[in-house]
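Fold and geometry: a report
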Amino acid sequence: MKTIITLVFVAFSYVGFAQPFTLDKKIKPTKLELAEHPEYKGAKYLEGSTTLMKDSINYHYVKGHDVFQYVDIFIFANDAKSNLSADIVFNTWSNVEETQKTATSKDGYINFKVRSYQDIGFIVSSEEAYDIPYTVVVNASPEVKNYLGSPFVKATEKDLDIETPVGKVDSAKTVESNLWIFIIIGVLLLVVGLLAGKLMSRKKTMLFLLLLAIHGVSTLSYGQTVGIERARESNLETEIFHRRERNSVNATINGHIDSQINTINKAFETEKALEDFANAYRNLGSCLGSGTPPGQPRIPSFCNDEENACADCFRSARAEFNRTRYNLEKLQTIYNCSKAYTDAAVALGDNTSGYHGVVGIVWQSQRRGIMRSIEEVDKAYDLKRVEMLESFHDSLMALDACERAHGLEDWYDRFGVMFYNFVEMRYHR
C-alpha cells in the first residue's frame, strides 16, 4: 500500500506546509530543522543560538515534526538583564496566535507548547537598544496516537448468540412428542399452543475505562539568583565577569529546560499521556483533531481488553485497525490544514495586493499557482481516501475473523459495517 508520505510530497508540492505565508520580501526567516533526539526514541530535538540585532526582528520556522507530536519551543536571552518578546503565528506571519515575554515569564524563558502539522513560525523581537544573543531549544515528543479512543465494548451474552439452555430444549421436545401421540390415537383436536419463551438474558453493563496514571510528574521548584556587581576598573575584568555571568545563566536555564524535556518525553513516550498534560498544548488552527470524534459508535467485541487471554488472536487485527484509522485521521488533517493555509494565503494576498501595483502583479501570479494547488490537493485526497478506506475495510474483516472464531457470528454485518459507515462519512472533503 502506498504510504501517506506520497500524498504529502506529491499532492502538496506547492503548498508544502512551508513557512507562514507573506508577500513581504524583506521577511527572510531562518529554518530550524529537527533531528532525532539522542536519548528518546521517536522524539526530535534542536538547539542553537543566534543574535537579535538592534532595532530588528528575527523570523524562524520549525520543520520536521508530525501531527501526532507535541512540540515545545524554548527561547531565552544569553544574559540575565535582556528582555525578549516572541510571537507564535499560524499560516501567515501577521496571524499571531500567542505572545510571551521573558520579563514576565516565571523562570526567565519563553515556552510555547503547540501541536501543528505544518511548519511552526515564530517571531523574536525586543525593545532593548542593543544586540541580544539568545538561544532557541525545540523538542518534539514521541508520537502519541490515543486521542481517538477505543470504540470496543464487551459483548453481552445476547451478542454472542449463546445456545438455549438444555432444560428448555427438553421441555419443547416433550410438547412435540405429546402432539404426535394425539394424532396417532385418531383424536382430532384443535390444539392452540402459544409457546412464548422469552429468554431474559441478564443485561450487563461494563464500562471500559483505561487510565494510565503517570505518577511523579512534578514541577521542580526552581529559583535562580544572579548577582550583579559593580563594574570593575579593568575592561578585561569586566568582560570576564559578564562572560561568567552569561555562562551561569545559560547553564541554569539549560539545566531546567533539559529537566522539563525529560519529563515531557517520559510522559509521552508511553503513547498514553495524561489528558491534562496533553491539554497544556495549543493546537495551531482548528484543522487538527484532538479528541474522540463526535458520534463515534460503540461496537461489541468478544475481546475489548488487550490484557485478556483472547489478545493473541486480536492483537495484529487491532493494530491494523488503529493504524488505518489514524492514517485516515492524518489524511484528513493534511487536507484540512492545507485548505486553511491556502485560504489564509489567498485572503492575505487579496487584501494587501491592491496597495501597490507591482505587488498586485506578483500576487496574481502566485494566486494562480495557489488555486492550481488546491485542485491538485482535491484530486489527490479523493484517490488516497478510497485507497485508505479499502485498507480500513480489510482491517475490519480481519477483526470479523477473530470474532467469528470466538462465537460472535456475523460480527461485521451486525457491528463492523456500522463503524465503517461512520468512518466513511467522517473523512471527506
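For clarity, every value in this text was computed on a predicted model and none was experimentally measured. (Residues numbered from 1 in each chain as written. Predicted model: local features only at pLDDT ≥ 70, side-chain atom pairs only at ≥ 80, totals over all residues. Heavy atoms only, no water.)

1. What about the environment of Ala344?
Relative to the elements of secondary structure, Ala344 occurs in helix 6 (residues 311-352). Sequence-wise, Ala344 and Pro20 are 324 residues apart; in three dimensions their C-alpha atoms are separated by 9.7 Å. Among residues more than four places away in sequence, those in contact with Ala344 are Asn91 and Thr92. (Helix = DSSP H or I, 4+ residues; strand = E, 2+ residues; numbered from the N terminus. Contact = heavy atoms within 4.5 Å.)

2. Digging into the sheet that holds strand 5 (residues 71-77)
One open sheet holds the 6 strands; their spatial order is 2-3-10-5-8-12, and the pairing between them is mixed. Two strands bound the open sheet, and with one partner strand each, they are strand 2 (35-36) and strand 12 (282-283). With 2 bridges joining them, strand 8 (residues 110-115) and strand 12 adopt parallel strand pairing. Within strand 12, the residue paired with Val114 across the bridge is Arg282. (Pairing = 2+ DSSP bridges.)

3. Details of unusual backbone geometry
Of note, Asn91 is a non-glycine position whose phi angle comes to about 70°, a positive value. Position of Asn91 among the secondary structure elements: in the loop between strand 6 (85-90) and strand 7 (92-101). The class for Asn91 is buried, based on a relative accessible area of 6%. A positive phi is found at Asp410, a non-glycine position, where the angle reads about 50°. Among the secondary structure elements, Asp410 is positioned in the loop between helix 7 (357-405) and helix 8 (411-426). (Buried < 20%, exposed > 50% of the residue type's maximum accessible area, 1.4 Å probe, protein only.)

4. Thoughts on the side chain of Arg325
In this fold, Arg325 is placed in helix 6. Despite being buried, Arg325 has no salt bridge partner; Glu329 is the closest side chain of opposite charge, sitting 8.1 Å away. Sequence-distant contacts of Arg325, defined by excluding residues within four places in its chain, comprise Leu148, Gly149, Pro151, Gln296, Phe392, Phe419 and Tyr427. (Lys, Arg positive; Asp, Glu negative; His and termini not counted. Salt bridge = Lys/Arg side-chain N within 4 Å of Asp/Glu carboxyl O.)

5. Describing the side chain of His37
Note on placement: His37 falls in the loop between strand 2 and strand 3 (44-52). The exposure class assigned to His37 is buried, which follows from its relative accessible area of 12%. At 3.4 Å, the side chain of His37 and the backbone nitrogen of Tyr40 are in polar contact. With residues up to four places along the chain from it excluded, the contact list for His37 reads Ala43, Lys44, Tyr45, Asn139, Ile261 and Asn265. (Polar contact = N/O pair within 3.5 Å; in protein donor to acceptor, adjacent residues only side chain to side chain.)

6. Some points on the pattern of salt bridges
This model, assessed by the stated rule, comprises 15 salt bridges. A salt bridge links Glu329 to Arg426, with the shortest nitrogen-to-oxygen separation between them at 3.4 Å. Linking Glu329 in helix 6 with Arg426 in helix 8, this pair joins segments that are 97 residues apart in sequence. Overall, Glu329 belongs to the buried group, its relative accessible area being 2%. For Arg426, a relative accessible area of 29% puts it in the partly exposed group. The closest approach of N and O atoms between Asp343 and Lys339, which form a salt bridge, is 3.3 Å. Separated by 4 residues within a single helix, Asp343 and Lys339 lie in helix 6, roughly one turn from each other. Asp343 sits in the partly exposed class, given a relative accessible area of 39%. One network of salt bridges, in which partners are shared, links Glu97, Glu98 and Arg282.

7. Describing the packing of aromatic side chains
Tallied over the entire structure, the rule returns 17 aromatic pairs. Here Tyr70 and Phe268 contribute two aromatic rings whose centre-to-centre distance is 4.5 Å and whose plane-to-plane angle is 5°, an arrangement assigned as stacked. Of this pair, Tyr70 sits in the loop between strand 4 (58-63) and strand 5 while Phe268 sits in helix 4 (residues 235-268), placing them 198 residues apart in sequence. An aromatic cluster is present here, built from Phe152, Phe321, Phe392, Phe419, Tyr420 and Phe422 joined pairwise through their rings. Sitting over the ring of Phe302, Lys154 keeps its end group 4.8 Å from the ring centre. The residue whose ring lies beneath Arg318 is Phe152, and the NZ or CZ to ring-centre distance is 3.8 Å. (Phe/Tyr/Trp six-rings, centres within 6.5 Å; stacked < 30°, edge-to-face > 60°. Lys NZ or Arg CZ within 6 Å of the ring centre and 35° of its normal.)

8. Here we look at the sheet that holds strand 4
Spatially, the 5 strands line up as an open sheet ordered 1-4-9-6-7, and their pairing is mixed. Edge positions in the sheet fall to strand 1 (30-33) and strand 7, since each of these pairs with one other strand and no more. Within the sheet, the average angular offset between the axes of one strand and its neighbour, ignoring direction, is 30°. (Axes fitted to C-alpha atoms, helices over the stretch in contact; angles between N-to-C directions.)

9. Considering the nonpolar core
Counting residues in each nonpolar core, the largest one holds 63 residues, and the members touching the most others are Ile73, Ile75, Phe122 and Trp411. Examining the composition of this core, we find that 9 residues originate from one element, helix 6, more than from any other. In this structure, Ile73 is in contact with Val62, Ile88, Ile110, Asn111, Phe112, Ile120, Phe122, Val137 and Val138, ignoring residues within four places of it in sequence. Counting 9 residues, the second-largest nonpolar core is a separate cluster that includes Leu23, Ala345, Val346 and Trp363. (Core = buried A, V, L, I, M, F, W, Y, C linked by side-chain atoms within 4.5 Å.)

10. Comments concerning the state of the cysteines
In total, this model carries 1 disulfide according to the counting rule given. With its sulfur 2.2 Å from that of its partner, Cys287 forms a disulfide with Cys337. Looking along the S-S bond of the Cys287-Cys337 disulfide, the torsion reads about 85°, which is the right-handed sense. Note that Cys287 is positioned in the loop between strand 12 and strand 13 (299-301) and Cys337 in helix 6, a separation of 50 residues in sequence. When sorted by exposure, Cys287 lands in the same class as Cys337, which is buried. (Disulfide = S-S within 2.5 Å.)

Function cannot be read off these values alone, since they describe shape.
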